[in-house]
Amino acid sequence: MTQYLEFEKPLAEIEGKAEELRALARANEEMDVEKEAAALDKKAADMLIDLYKNLTPWRKCQVARHPDRPHCKDYIEALFTEYTPLAGDRNFADDHAVMGGLARFNDQPVVVIGQEKGNDTKSRIERNFGMARPEGYRKAIRLMELANKFGLPVIALVDTPGAYPGKGAEERGQSEAIARATEKSLQLGVPMISVIIGEGGSGGAVAFASANKVAMLDHSVYSVISPEGCASILWKDAEKMREAAEALRLTAQDLYKLGVIDQIIPEPMGGAQRDAQTTIAAVGKAIQSMLTPLSKMSPDALVADRRKKFLDIGSKGLAA
């Protein structure tokens, strides 16, 4: 069953009416409602285009968080073969919010790492809604070191509201773990590609996105803080999240202009949740296009390229 966002309610009514007509026709074979249903379908398709042709930053946040968007596990299952998951940080525990391991991408051996939110109540609780604890970042560091040792490219799939802010996570060194994961990403002598497939929130996302190439899906977001958190700090009112979303410049389009990301991956009309297969295929194509030239570079050149990329961030101002 399709889940509609708040701004999609008018669309839900039209698509619901079309489905009601077809349900009546299925119950009574003598009824011919296809012409009326087709007209409603056309109206719904036009409304969908109208709704999505110029989404505000806050609406993009809502789309990026849609529960039906394909998640990390979906991408790994569709794009990678011979996936062998590796668990644990060899120090404390295994964090189920972070999944990763050895795999083949278009028959090329790689290490894939990503944050998984889960797709139902049970899996979301198990995955902690994609919010990693220190052991998750330390697992990622272990996988990056493994990739560096054996010369394997690293592909990171980012989808998190942020690192877990709980007491236990702080006691086990959350900020230190994020900092070391970011440091390790910048030191790798192998190609690293990051794709933000949903939410790229705070340092929890940066730890996986300090890569040679960073791409974002069209309706994903990437920011230092959530709009609600920003509004709570600046205006002492979480309801100001729309204004905060505008100010944060968190959309793929803004971040591409600012030079923070390298590529925007198009989504089907209505968002990734309406056609997961097409979205996943587009992400796979984008990863391959970024990986091919990086695979020809030496370890030193890769480190220098990554260093230059991040030192150059900020050279393009908002007026550029």
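Our structure is the block above this text.
A quick note: this is a predicted structure, and the numbers were derived from the prediction, not measured.

**Brief notes about the pattern of salt bridges**
Here is step 1 of the chain: Evaluated as defined, the whole model comprises 20 salt bridges.
Here is step 2 of the chain: Across the pair Arg172 and Glu135 runs a salt bridge, and its minimum N-O distance is 3.0 Å. Separated by 37 residues along the polypeptide, Arg172 in the loop between helix H7 (167-171) and helix H8 (174-187) and Glu135 in helix H6 (residues 134-150) bring together distant segments of the chain.
Here is step 3 of the chain: Residues joined by salt bridges that share partners form a network here, namely Arg65, Lys117, Asp159, Glu199 and Glu228.

**Remarks on the nonpolar core**
Here is step 1 of the chain: Membership of the largest hydrophobic core comes to 36 residues, with the highest contact counts inside it found for Ile113, Tyr137, Phe208, Tyr222 and Ile261.
Here is step 2 of the chain: Secondary structure elements with two or more residues in this core: strand S3 (108-115), H6, strand S4 (154-160), H8, strand S5 (192-201), helix H9 (202-209), strand S6 (213-217) and helix H12 (252-257).
Here is step 3 of the chain: Per-element tally for this core: the top contributor is H6, with 6 residues.
Here is step 4 of the chain: If sequence neighbours within four positions are ignored, Tyr137 has contacts with Gln115, Ala132, Ala163, Gln174, Ala177, Ile178, Ala181, Gly204, Ala207 and Phe208.
Here is step 5 of the chain: In this structure, Ile155, Leu157, Ala215 and Leu217 belong to the second largest nonpolar core, which totals 26 residues.

**A few points about the packing of helix H1 (residues 9-27) against helix H2 (residues 34-52)**
Here is step 1 of the chain: One way to put it is that H1 packs onto H2 with a least axis distance of 9 Å and a crossing angle of 160 degrees. Taken together, the axes of H1 and H2 are roughly antiparallel relative to one another. Remark: the crossing between H1 and H2 carries left-handed chirality. Side by side, H1 and H2 meet where Pro10, Leu11, Ile14, Glu15, Lys17, Ala18, Leu21 and Arg22 of the first sit next to Glu34, Glu36, Ala37, Ala38, Leu40, Asp41, Lys43, Ala44, Met47, Leu48 and Leu51 of the second.
Here is step 2 of the chain: Residue composition of the contact of H1 with H2, grouped by class: 12 nonpolar, no polar and 7 charged.

**Overview of the pairing of S4**
Here is step 1 of the chain: Of all 7 residues in S4, 7 are buried, a share of seventy percent or more.
Here is step 2 of the chain: Bridge count between S3 and S4: 4 bridges; the pairing is parallel. From the neighbouring strand, Gly114 faces S4, where its bridge partner is Leu157.
Here is step 3 of the chain: As judged from the 6 bridges shared by S4 and S5, these two strands associate in the parallel manner. The partner of Val158 across the bridge, within S5, is Ile196.

Definitions and limits used
- Residues numbered from 1 in each chain as written.
- Predicted model: local features only at pLDDT ≥ 70, side-chain atom pairs only at ≥ 80, totals over all residues.
- Heavy atoms only, no water.
- Salt bridge = Lys/Arg side-chain N within 4 Å of Asp/Glu carboxyl O.
- Helix = DSSP H or I, 4+ residues; strand = E, 2+ residues; numbered from the N terminus.
- Core = buried A, V, L, I, M, F, W, Y, C linked by side-chain atoms within 4.5 Å.
- Buried < 20%, exposed > 50% of the residue type's maximum accessible area, 1.4 Å probe, protein only.
- Contact = heavy atoms within 4.5 Å.
- Axes fitted to C-alpha atoms, helices over the stretch in contact; angles between N-to-C directions.
- Parallel < 35°, antiparallel > 145°, perpendicular 65-115°, else oblique.
- Left-handed = near helix turned anticlockwise from the far one by under 90°.
- Nonpolar A, V, L, I, M, F, W, Y, C, P; charged D, E, K, R; others polar.
- Pairing = 2+ DSSP bridges.

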